[in-house]
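# Analysis of the macromolecular model
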There are 2 protein chains.
Amino acid sequence: MPALPFSRSEYDRRLALTRKAMEAAGLDVLVVTAPAGMNWLTGYDGWSFYVDQAVLVTPTGMPFWWGRLMDANGARRTSYIDEDHIIYYADRYVQAADCHPMDDLADKIRELDHGKNRIGVEMTAYYYSAAGHKALVAGLPDATIIDASGLVDWQRVVKSDEEIAFMRKAARISDKVMSHAMEIAEPGMKKNRFVGELMKAAIDGVDDAWGDYPSIMPLLPSGADASAPHLTWNSDEFRMGEATFIEQAGCYRRYHAPLSRTIFFGAPPDHMKAAADAAVAGLNAGIEAAKAGNRAGDIAAAMERELWKVGIERPNRCGYATGLAYPPDWGEHTVSIRTSDDTLLKPGMTLHFMPGLWMDDWGLEITETILIKQDGPAEALCNIERKLFVKG
Amino acid sequence: MPALPFSRSEYDRRLALTRKAMEAAGLDVLVVTAPAGMNWLTGYDGWSFYVDQAVLVTPTGMPFWWGRLMDANGARRTSYIDEDHIIYYADRYVQAADCHPMDDLADKIRELDHGKNRIGVEMTAYYYSAAGHKALVAGLPDATIIDASGLVDWQRVVKSDEEIAFMRKAARISDKVMSHAMEIAEPGMKKNRFVGELMKAAIDGVDDAWGDYPSIMPLLPSGADASAPHLTWNSDEFRMGEATFIEQAGCYRRYHAPLSRTIFFGAPPDHMKAAADAAVAGLNAGIEAAKAGNRAGDIAAAMERELWKVGIERPNRCGYATGLAYPPDWGEHTVSIRTSDDTLLKPGMTLHFMPGLWMDDWGLEITETILIKQDGPAEALCNIERKLFVKG
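Residues numbered from 1 in each chain as written. Chains lettered and ligands numbered in written order. Predicted model: local features only at pLDDT ≥ 70, side-chain atom pairs only at ≥ 80, totals over all residues. Heavy atoms only, no water.

Time to look at the relation of the copies chain A and chain B. Superposing chain A onto chain B takes a rotation of 180° combined with a translation of 0.0 Å along the rotation axis, leaving an RMSD of 0.0 Å. Both copies are brought into coincidence by an operation consistent with a two-fold rotation axis. Residue alanine 130 of chain A of chain A places its C-alpha closer to the rotation axis than any other residue of that unit, at 2.0 Å. Of the interface residues in chain A, 100% have counterparts in chain B that sit at the interface too, so the contact is made through matching surfaces. (Least-squares fit on C-alpha atoms with pLDDT ≥ 70 in both. Contact = heavy atoms within 4.5 Å.)

So this is what it looks like as structure tokens:
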């Protein structure tokens, strides 16, 4: 049995929650294909999600790990799943024109005598492809296939104490990376060299909080490029008179604490200073509104009121649930911080409160990962001053 | 117009190839959702593939970029697409329970008067989800939706001279990273610190070849963990008596040159030395067989003959097309190096020749990125000695 990240009772808790939700949804079997869900349920961790794989939750007993033959050893070495519940498909199914790995999963489900059951699948999950769904449905003609997107994700939304401890370690890494970023950034520095420094700082980690890979690479567009939220880097140099936002997340054992700050070289224009002040006021107001019993949308409303004061109307949501994640996203795809989201906030929820400003020819991000508390406002997990950083 | 990675005539070549393949497949419109295909056709580059996006190729004129409102600025800043061909969906579609971004794409396709056309989609692409496909099909009741998986990928399989120049830059980065790895690795070193060093070396790059993020993070399991090909890292220390393989790829502007080597601390056991010698002999034989006019399967057959001599029968393919890629894979999902693959090798194809050995309680990888030449055997793009590295 490998050394698991969490106690066995934590995994039992997760499985029990999942089975309860399955029962409520009328499911006999759940096919969990999202890597984060697979990890959350079993501990399984590997960069194998580029081929089809799943955890099968049946009504009783241990879940099954199913994947590519060569990845079975990864399941043996990272999850609690017993040998007789590790099942796999032959390599010839991989990226083949004449068959699909999901043909094999359908066979396995029938062999396990679940071929006539009500089977949930994650239609919205990244690595559950349209082709895979088609093959699975075709291979299980007597089953009822039901869209169970988000079923596991919603069980993950309130973090346990063990998980919050991981989030705090990730936050220490985010703090270290952002402090280092603000220390070394200077006009004339090539952005790829800057990112190399940040990645090294992140992966080195802090004390026993070693750095895992983040599910999104650092985003750090400068000047007019910062009008686009999702550009990565190149070898351009930092320039005087430009703002660069730095969006990154420390990651500890797949748990993320995203944190963004913005740095300006020279004297920032008044409109940018005003926007930064409004963003900080909005963050403060949003954190104040992020109380157990309030709605997720209340956070957004509090933020938006501050931005309206300086004439900024954001057309985008301003955050989402975060925590356990795999590429391409550190969001958990459950709660969104937008006025239309009526999710009741509960203690233990962790959200990336992310009111990025992407204007016509500049951008600014000041963001926090927040933890909903039993009483009072949310706690920001990171400890970097909430402001526009200015240098040079 | 942004500075594009390639000449405009290169993009014209790609679009013409794609349209020819569309015509052969009887398609009026192609919905390209794979980020690599989007980049290859238009230059578009951003970490926005965690939400739905696509390039639409219609029978004539400039392709359309379609994505999330906030990412339109990224399209403006990285692709050649004109303003009137950049179309987008509102943020409320993102991860919403009551609508899907593909609802909007269906609307857009109908507005563009293609609602009754034959429309190709990439059923096997990572970010084309089962839910997205369902929404698109429902939104285009008068269209004929056709699985065009791989259509663009197969146009990408022979690299142009401009692309090969990028691959060579990526290979210089791989060389640098692997040399650095072999120099600094030592017993007692924590693996996360080791990876931090490698990532920094990779992103710093070599001269004007600045390092982009690789589509797979470094894989480097040690000892018995190396029986599992896809484990990343933790804070364990390198130990005497253990082999660690290091699988990584230098990346230049999304072009990859994967390269793996293995290091053993202490005196390697005879069975491992024999396996390494056979792997090297197999690589040499495979590269010799990797000639224009031969089949991809011939490379695998030549490799396997050498491994059989030491009693190793690999159940897995031993490589795949590589080059332009986005997470989660640097493979291009076209050619596989396995005996059943009858693809004729053509000059300009680039393959990761990857006969990893993942045994019951150890593993070994010695791999090369190879370029098929007009005449003679393939060229290995990297320049690291082909052997088991031994230290301590």
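Bringing the sheet that holds strand β5 (residues 118-121) of chain B into the picture now. All names here are of chain B. Spatially, β4-β3-β2-β1-β5-β6 is the arrangement adopted by the six strands of the open sheet, whose pairing is mixed. Strands at the two margins of the open sheet, each flanked by one partner only, are β4 (86-89) and β6 (144-147). Neighbour-to-neighbour, the strand axes of the sheet open up by a mean angle of 25°, direction not taken into account. (Pairing = 2+ DSSP bridges. Helix = DSSP H or I, 4+ residues; strand = E, 2+ residues; numbered from the N terminus. Axes fitted to C-alpha atoms, helices over the stretch in contact; angles between N-to-C directions.)

Residues and elements named next belong to chain A. With domains assigned, chain A is organised as domain 1 (8-155) and domain 2 (161-391). Put simply, the middle of domain 1 and the middle of domain 2, counted by C-alpha atoms, are 33 Å apart. The interface of domain 1 with domain 2 comprises 16 residues on the first partner and 16 residues on the second. A buried area of about 1300 Å², summed over both sides, lies between domain 1 and domain 2, and 61% of it is on carbon and sulfur atoms. The interface formed by domain 1 and domain 2 holds two salt bridges in total. (Domains from an automatic or database assignment. Buried area = accessible area lost by both parts, 1.4 Å probe. Salt bridge = Lys/Arg side-chain N within 4 Å of Asp/Glu carboxyl O.)

A few words now on the sheet that holds strand β3 (residues 64-68) of chain A. Residue and element names in this part refer to chain A. Taken together, the six strands give an open sheet; going across it, the order is β4-β3-β2-β1-β5-β6, and neighbouring strands pair in mixed fashion. The open sheet has two edge strands with one neighbour each: β4 (86-89) and β6 (144-147). In this sheet, adjacent strand axes meet at a mean angle of 25° when their direction is disregarded. Bridge count for β3 against β4 is four bridges, and the pairing is parallel. The residue of β4 that forms the bridge with tryptophan 66 is isoleucine 87. In the packing of helix α2 (residues 35-42) onto the sheet, the strands contacted are β1 (29-32), β2 (54-57) and β3, and the crossing angle to β2 comes to about 55°.

Enumeration according to the criterion identifies 39 aromatic pairs over all chains in this entry. Taking 5.7 Å as the distance between ring centres and 75° as the angle between the ring planes, the aromatic pair formed by phenylalanine 6 of chain A and tyrosine 255 of chain A counts as edge-to-face. Remark: tyrosine 255 of chain A occurs in strand β8 (residues 255-265) and phenylalanine 6 of chain A occurs in the segment before α1 (8-24); sequence separation between them is 249 residues. An angle of 55° between the planes, with centres 6.2 Å apart, marks the rings of tyrosine 127 of chain A and tyrosine 127 of chain B as tilted. One end of the pair, tyrosine 127 of chain A, is in the loop between β5 (118-121) and α5 (130-139); the other, tyrosine 127 of chain B, is in the loop between β5 and α5 (130-139), on a second chain. Residue tyrosine 127 of chain A shares its accessibility class with tyrosine 127 of chain B, and that shared class is buried. Directly above the aromatic system of phenylalanine 6 of chain B lies the positively charged group of arginine 14 of chain B, at a separation of 4.4 Å from the ring centroid. Against the face of phenylalanine 389 of chain B rests lysine 387 of chain B, its NZ or CZ located 4.8 Å from the ring centre. (Phe/Tyr/Trp six-rings, centres within 6.5 Å; stacked < 30°, edge-to-face > 60°. Buried < 20%, exposed > 50% of the residue type's maximum accessible area, 1.4 Å probe, protein only. Lys NZ or Arg CZ within 6 Å of the ring centre and 35° of its normal.)

With that out of the way, let us pick up α5 of chain A. Residues separated by three or four positions in an α-helix point in the same direction, a consequence of the helix having 3.6 residues per turn. In terms of burial, α5 of chain A is a largely internal element, seven of the ten residues being buried. For α5 of chain A, every residue scored as buried is listed here: Ala130, Ala131, Gly132, His133, Ala135, Leu136 and Gly139 of chain A. Packing partners of the buried residues in α5 of chain A comprise α4 (101-111), β5 and β6 of chain A together with α5 of chain B.

All names here are of chain A. With five of its six residues buried, strand β10 (residues 331-336) lies for the most part within the structure. Here two bridges tie strand β9 (residues 319-322) to β10, and the two strands are oriented antiparallel to one another. Among the inter-strand pairings, tyrosine 320 is bridged to a residue of β10, identified as serine 336.

This brings us to the pairing of strand β8 (residues 255-265) of chain B. Residues and elements named next belong to chain B. Within β8, eleven of the eleven residues are buried, which leaves it mostly tucked inside the rest of the structure. Burial along β8 is two-sided: Tyr255, Ala257, Leu259, Arg261, Ile263 and Phe265 and His256, Pro258, Ser260, Thr262 and Phe264, pointing in opposite directions, are all buried. Across ten bridges, the pairing between strand β7 (residues 243-252) and β8 is antiparallel. Looking at β8, one finds that phenylalanine 245 is bridged to threonine 262. In this antiparallel pair of consecutive strands, β7 and β8, the connection spans two residues, and arginine 253 shows a positive phi of 45°. The pairing of β8 with strand β16 (residues 388-391) spans four bridges and is parallel.

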